[in-house]
Amino acid sequence: DVKVTQSSRYLVKRTGEKVFLECVQDMDHENMFWYRQDPGLGLRLIYFSYDVKMKEKGDIPEGYSVSREKKERFSLILESASTNQTSMYLCASSTLSTIYFGEGSWLTVV
Amino acid sequence: KNEVEQSPQNLTAQEGEFITINCSYSVGISALHWLQQHPGGGIVSLFMLSSGKKKHGRLIATINIQEKHSSLHITASHPRDSAVYICAQERDDKIIFGKGTRLHILP
């Protein structure tokens, strides 16, 4: 079975802290994505990557950066966390035929 | 304006009813996805379509490329079908999601 694993399920961070959200997939997928999901707004694309060291901005990249040094790992970085970044973050990877999601990371910034 | 529009936003139906969820999208997509999200957050891919129709059990997905419209149908609905159903368009390696349809099937 394809597995997309997000390193942390629940995190609480302070305003101004640097936050790393890690995502690993085990199926050699080229495309990987980071989304955030908020009530009433649905899933919004932050960044995506279609190959190692390649990244593209999604719809809401402000306040975030990403890193893809290895094909299986796609990291989301909040350089200086703010309270409006409190959300659920979902990582996904895709093949030509389907998309697979991690279980999500609930981030609270206080 | 969201590039992917779903309707209805919320739907409550009785067990056994035939369910239709609609999705309209913008130009030039390479594929259209339907996904299911249960309470607790887990998201599962149901279908990926680029043309025609696909069926899996009681779920049927159709797409009309000319009208830029897709539908997800559930036959003989059951309370365990209660979930959020999300439509997503794929274009240029990018996948953009609709806001989802919250379905509640009453026993």
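On a predicted model such as this, the values are computed, not experimentally measured, just so you know. (Residues numbered from 1 in each chain as written. Chains lettered and ligands numbered in written order. Predicted model: local features only at pLDDT ≥ 70, side-chain atom pairs only at ≥ 80, totals over all residues. Heavy atoms only, no water.)

Trainee: Just give me the short version of the interface of chain B and chain A, but keep the residues and values in it.
Mentor: Taken together, the contact between chain B and chain A spans 17 residues of the former and 21 residues of the latter. For the pair chain B and chain A, the two sides together bury roughly 1,600 Å², of which 57% comes from carbon and sulfur. Looking only at chain B, the three residues that lose the most surface to chain A are B:Ile43, B:Asp93 and B:Phe97, adding up to 31% of its buried area. Put simply, chain B and chain A have 1 salt bridge between them. Counting only elements with at least two residues in the side of chain B that touches chain A, the list comes to β4 (31–37), β5 (43–49) and β10 (94–97) of chain B. Its residues assigned to classes, the side of chain B that touches chain A comprises 7 nonpolar, 6 polar and 4 charged. (Contact = heavy atoms within 4.5 Å. Buried area = accessible area lost by both parts, 1.4 Å probe. Salt bridge = Lys/Arg side-chain N within 4 Å of Asp/Glu carboxyl O. Helix = DSSP H or I, 4+ residues; strand = E, 2+ residues; numbered from the N terminus. Nonpolar A, V, L, I, M, F, W, Y, C, P; charged D, E, K, R; others polar.)

Trainee: Report on unusual backbone geometry, specifying residues and quantitative values.
Mentor: In this chain, B:Ser7 is followed by B:Pro8 through a cis amide linkage whose omega measures -10°. For B:Pro8, the position within the fold is in the loop between β1 (5–7) and β2 (10–14).

Trainee: So what's going on with the state of the cysteines? Which residues, and what values?
Mentor: All names here are of chain A. If you walk through the whole model with that rule in mind, you get 2 disulfides over all chains. At a sulfur-sulfur separation of 1.8 Å, the disulfide partner of Cys23 is Cys91. Because the sign of the S-S torsion sets the handedness, a value of about -75° for the bond joining Cys23 and Cys91 places this disulfide among the left-handed ones. Taken together, the residues span a long stretch of sequence, with Cys23 in strand β4 (residues 23–25) and Cys91 in strand β10 (residues 87–94) at a distance of 68 residues. Summarising the burial analysis for this pair, Cys23 and Cys91 share the class buried. (Disulfide = S-S within 2.5 Å. Buried < 20%, exposed > 50% of the residue type's maximum accessible area, 1.4 Å probe, protein only.)

Trainee: Lay out the environment of B:Arg102 with the relevant residues and their values.
Mentor: Residues and elements named next belong to chain B. By secondary structure assignment, the location of Arg102 is in strand β11 (residues 101–106). Note on Arg102: relative accessible area 53%, which makes it exposed. Considered as a pair, Arg102 and Ile63 are 39 residues apart in the sequence and their alpha carbons are 21 Å apart. Contact partners of Arg102, with chain neighbours within four places excluded, come to Gln9, Asn10, Leu11, Ala83 and Val84.

Trainee: Go over the sheet that holds strand β6 (residues 53–56) of chain B, please, and point to the residues and values.
Mentor: Residue and element names in this part refer to chain B. Ordered in space as β1-β3-β8-β7-β6, the 5 strands form an open sheet in which the pairing is antiparallel. What marks the edges here is a single partner per strand, and that holds for β1 and β6. Each adjacent strand pair in this sheet contributes to an overall mean axis angle of 15°, direction not counted. With 6 bridges connecting them, strand β7 (residues 59–64) and strand β8 (residues 69–74) associate as antiparallel partners. (Pairing = 2+ DSSP bridges. Axes fitted to C-alpha atoms, helices over the stretch in contact; angles between N-to-C directions.)

Trainee: Quick rundown of the pairing of strand β3 (residues 19–24) of chain B? Include the residues and the values.
Mentor: Residues and elements named next belong to chain B. Going residue by residue along β3, you find Ile19, Ile21 and Cys23 tucked away on one face and Thr20, Asn22 and Ser24 left uncovered on the opposite face. Relative to β3, β1 is paired through 3 bridges, and the arrangement is antiparallel. The partner of Gln6 across the bridge, within β3, is Cys23. Where β3 meets β8, 6 bridges bridge the pair, whose relative direction is antiparallel. Its bridge partner lying in β8, Ser24 is registered against His69.

Trainee: Give a description of the pairing of β4(B) that names residues and reports values.
Mentor: The two faces of a sheet get side chains in turn, since along a regular strand they alternate between them. All names here are of chain B. For β4, the buried fraction is high: 7 of the 7 residues fall into the buried class. Burial along β4 is two-sided: Ala31, His33, Leu35 and Gln37 and Leu32, Trp34 and Gln36, pointing in opposite directions, are all buried. Pairing between β4 and strand β9 (residues 83–91): 7 bridges, direction antiparallel. When the bridges of β9 are listed, Gln36 appears paired with Tyr85. The sheet contact formed by β4 and β5 spans 6 bridges and is antiparallel. Opposite His33, over in β5, you have Met48 as the bridge partner.

Trainee: A description of the environment of A:His29 should follow, citing residues and the corresponding values.
Mentor: Residue placement: A:His29 occurs in the loop between β4 and β5 (31–38). Residues A:His29 and A:Glu72, 43 residues apart in the sequence, show an inter-C-alpha distance of 7.4 Å.

Trainee: Just give me the short version of the side chain of A:Asn31, but keep the residues and values in it.
Mentor: Mapped onto the fold, A:Asn31 is located in strand β5. Sequence-distant contacts of A:Asn31, that is, excluding residues within four places in its chain, are made with A:Ser49, A:Tyr50, A:Ala92, A:Ser93, A:Ser94 and B:Asp93.

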